[in-house]
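Geometric and topological summary
One-letter residues, chain by chain:
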Amino acid sequence: MKTLKFKFLMPVVAFMIAVAAAFATQADGQGDFPLVQGYIYQNGVCEENGTCSNNKSAICTDNLGRTVFALGGITGCSQRLNMDWQHP
C-alpha cells in the first residue's frame, strides 16, 4: 500500500514543482522596453540629455524636472516622451 501511494504521489509532486518553477522563472517584462535618446530644448537648440525607457505613461523628466523630448518635427525636439528618464 505504501509503494502504491509513493508511485502515485511522486509524479504529482514532480508536476507541481515544475509548474512552480515555470511561474518563478517567468520574466516580468520590465527589461523589454528599448531606450530612446532624450533631448531638452535649451538656449534655442536641442541638447542630448540622457535616455528614457518606455515603461511608464508619465511624462519623462530629468533629475532637474525638465521635460525630455525625442527628436522630430520642424523645431527639432518636439515629441514629448512618456517614459522613465535614465542618467546618461
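As shown above, the structure is provided for reference.
Residues numbered from 1 in each chain as written. Predicted model: local features only at pLDDT ≥ 70, side-chain atom pairs only at ≥ 80, totals over all residues. Heavy atoms only, no water.

Regarding the overall build of the chain
Secondary structure summary: the chain contains one helix and five strands in total. Counting from the amino terminus, the chain carries its helices and strands in the arrangement α-β-β-β-β-β. Looking at the chain as a whole, 19% of its 88 residues are labelled buried. A separation threshold of at least 6 residues defines the contact pool for the chain, and within that pool the share at least 24 residues apart is 44%. With an accessible surface of roughly 6,700 Å², the chain has 61% of that area assigned to carbon and sulfur atoms. (Helix = DSSP H or I, 4+ residues; strand = E, 2+ residues; numbered from the N terminus. Buried < 20%, exposed > 50% of the residue type's maximum accessible area, 1.4 Å probe, protein only. Contact = heavy atoms within 4.5 Å. Areas by Shrake-Rupley, 256 points an atom, 1.4 Å probe, with all protein chains shown as cover.)

With respect to helix 1 (residues 2–24)
One turn of an α-helix holds 3.6 residues; hence residues three or four places apart share an orientation. The end-to-end C-alpha separation of helix 1 is 32 Å, in line with the 33 Å expected for 23 residues at 1.5 Å each. Taken across its 23 residues, helix 1 has zero buried, putting it largely on the surface. (Expected span 1.5 Å × (residues − 1).)

So, the pairing of strand 2 (residues 45–53)
Summarising the sheet, strand 1 (residues 35–42) and strand 2 pair through seven bridges and their orientation is antiparallel. Each residue of the ladder has a partner; that of Tyr41, found in strand 2, is Cys46. Taking the residues between adjacent antiparallel strands as the criterion, strand 1 and strand 2 are bridged by two residues, where Asn43 takes a positive phi near 55°. (Pairing = 2+ DSSP bridges.)

Some thoughts on the side chain of Asn49
Mapped onto the fold, Asn49 is located in strand 2. Since its relative accessible area comes to 9%, Asn49 is described here as buried. Within the local environment of Asn49, its side chain forms a polar contact with the side chain of Asp62, the two groups lying 2.8 Å apart. (Polar contact = N/O pair within 3.5 Å; in protein donor to acceptor, adjacent residues only side chain to side chain.)

A look at a nonpolar patch on the surface
Together, Phe8, Leu9, Val12, Val13, Phe15, Met16, Ile17, Val19 and Phe23 line one region of the surface with nonpolar side chains, adding up to about 920 Å² of accessible area. Mapped onto the secondary structure, Phe15 falls in helix 1. (Patch = residues over 30% accessible without salt bridge, like charges linked within 9 Å, V, L, I, M, F, W, Y side chains within 5 Å. Salt bridge = Lys/Arg side-chain N within 4 Å of Asp/Glu carboxyl O.)

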